[in-house]
Amino acid sequence: MTATRILVLNSGSSSVKYQLLDMRDDARLAVGLVERIGEETSRLKHTPLTEGGRAREQNRAIADHDEALKAVAEELARDGLGLDSPELAAIGHRVVHGGQLFTQPTVIDGAVLGEVERLIPVAPLHNPANLTGIRTAMSLRPDLPQVAVFDTAFHTTMPESAARYAIDVATADEHRIRRYGFHGTSHAYVSRRTAELLGRRPEEVNVIVLHLGNGASASAVRGGVCVDTSMGLTPLEGLVMGTRSGDVDPAVIFHLMRVGKMSADEIDVLLNKKSGLTGLCGDNDMREIRRRIDEGDEAARLAFEIYVHRLKKYIGAYYAVLGRVDAVAFTAGVGENAAPVREAAVAGLQELGLAVDGELNAVRSDEPRIVSPEHARVAVAVVPTDEELEIARQTYALVANRAGEHHD
Ligand SMILES: Nc1ncnc2c1ncn2[C@@H]1O[C@H](COP(=O)(O)OP(=O)(O)O)[C@@H](O)[C@H]1O
Ligand SMILES: CC(=O)OP(=O)(O)O
Ligand SMILES: [Mg+2]
């Protein structure tokens, strides 16, 4: 029997999302989520998609990512989809920070683990969780290839003019300070999918991708190649996010240290966890913010306006970087679902050929779709992202290739 299944693990700071896929037809066999890891109120939701399968939930304290992954393995086993299955070809892991070294999906060995560990200071919310996921998966199936698919990989094509900060070169090089960019798997998938939606080849199309989830980032993609992106050394720069500030004057940090007497760690927590939409109005969920705006809540309205203003600035910036734009693609939780965000982000940009059609924009759907008026110069598109499918494809391509080489 040839092994054709891939388990994908996307370990976030306090959650694990996972999918088991059969790569013969990209069919999902099971999907699930463990959230609020480390809290008393953790929740595991597991949904087998095989015939007769029923969704199951566990509500109990799950202390860490190791315990979470073991619980996931048990749930999969209950459906006859356990990690011991000979049909499992590999496990694909989302790894958020891969530095400059990793431009491709990579089979994980000791050296790869060492490098991902070395990068923890520049991805403190993400890389430790990714590492625990990998180590636990390795302990459960030591014989199986474990593949890392890096958020940073798609952005390694950026020119130096976009990737370098204008700070002293020797200092920057010593500390490897540069723009790395994140959410690359999503930016790659969505830019390609947008070209398909336009009925054109990725090489012919320039796209601005707006990935608006809890973390949020924009990218400028020219002919399938990333030329700029809004996240930087860490996933803190750029757009306003759920709990992250995005761009601030760097002097805010010295000011808080000197005048506010805050420590570096306190400021780190402030900008990463207590800022963004949460910092502005107390809620990080765009649904809740829209509800509060409808009730006349002033703080929620201002938070929304700050969020959209930043977004619009990046659309303008990347329009200028690309020179010609064929599509602006909205994706991830907010981008796919929040019609008011899409409408407000392109409001007043008719001169740039950008507008949404009110009726098309209001439609709810899981399908990729164009929401700009017919004959608009630039297509405004909603393109649901699928990081898990993309990770599974890259993982499977790599192990299938290796298997081929070993047999020759
Ligand atoms: N129906 C909706 N309307 C508006 N916003 C939504 C809706 N559904 C989800 N969101 C937003 O999407 C966010 C989650 O996005 P997602 O891409 O799943 O994030 P992540 O993968 O970073 O956890 C939520 O915090 C919420 O703000
Ligand atoms: C890199 C990043 O911000 O990821 P997420 O949106 O999953 O937090
Ligand atoms: Mg996400």
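Residues numbered from 1 in each chain as written. Chains lettered and ligands numbered in written order. Predicted model: local features only at pLDDT ≥ 70, side-chain atom pairs only at ≥ 80, totals over all residues. Heavy atoms only, no water.

Going by the annotation in an unreviewed UniProt entry, the name recorded for the protein is Acetate kinase, with Streptomyces solicavernae given as the source organism. Under the heading Pathway (unreviewed entry), UniProt records this for the protein: "Metabolic intermediate biosynthesis; acetyl-CoA biosynthesis; acetyl-CoA from acetate: step 1/2." For the protein, the Sequence similarities (unreviewed entry) comment in UniProt is given as "Belongs to the acetokinase family." (UniProt positions renumbered as here; feature names shortened; annotations may be inferred.)

J.: Give me the lowdown on the site of ligand 1, citing residues and values where you can.
T.: For ligand 1, the set of nearby residues contains 14 residues, the closest of which are Lys 17, Asn 214, Met 286, Gly 333 and Asn 337. Met 286 places a main-chain nitrogen or oxygen 2.8 Å from an oxygen atom of ligand 1. Arg 287 is positioned such that a nitrogen or oxygen atom in its side chain is 3.5 Å from a nitrogen atom of ligand 1. A total of 580 Å² of accessible area belongs to ligand 1 in isolation, and the protein chains cover 73% of it. Going through the elements one at a time, helix H10 (286-294) and helix H12 (332-337) are the ones with two or more residues in the shell around ligand 1. With four residues, H12 is the single largest residue contributor to the shell around ligand 1. Taken together, the residues that form the shell around ligand 1 break down as four nonpolar, six polar and four charged. (Near = heavy atom within 4 Å. Polar contact = N/O pair within 3.5 Å; in protein donor to acceptor, adjacent residues only side chain to side chain. Areas by Shrake-Rupley, 256 points an atom, 1.4 Å probe, with all protein chains shown as cover. Helix = DSSP H or I, 4+ residues; strand = E, 2+ residues; numbered from the N terminus. Nonpolar A, V, L, I, M, F, W, Y, C, P; charged D, E, K, R; others polar.)

J.: Which residues make up the sheet that holds strand S10 (residues 216-222), and what are the values?
T.: The mixed open sheet is built from six strands, whose spatial order is S11-S10-S9-S12-S14-S13. In the strand order of this sheet, the two ends are held by strand S11 (225-229) and strand S13 (369-370), each with one partner. Inspection of the sheet shows strand S9 (residues 206-212) paired to S10 by seven bridges, in the antiparallel sense. Each bridged residue has a counterpart across the sheet, and for Asn 206 the counterpart in S10 is Arg 222. Of the strands in this sheet, S9, S10, S11, strand S12 (327-331), S13 and strand S14 (379-382) touch helix H6 (residues 184-197), which is tilted by about 130 degrees from S9. (Pairing = 2+ DSSP bridges. Contact = heavy atoms within 4.5 Å. Axes fitted to C-alpha atoms, helices over the stretch in contact; angles between N-to-C directions.)

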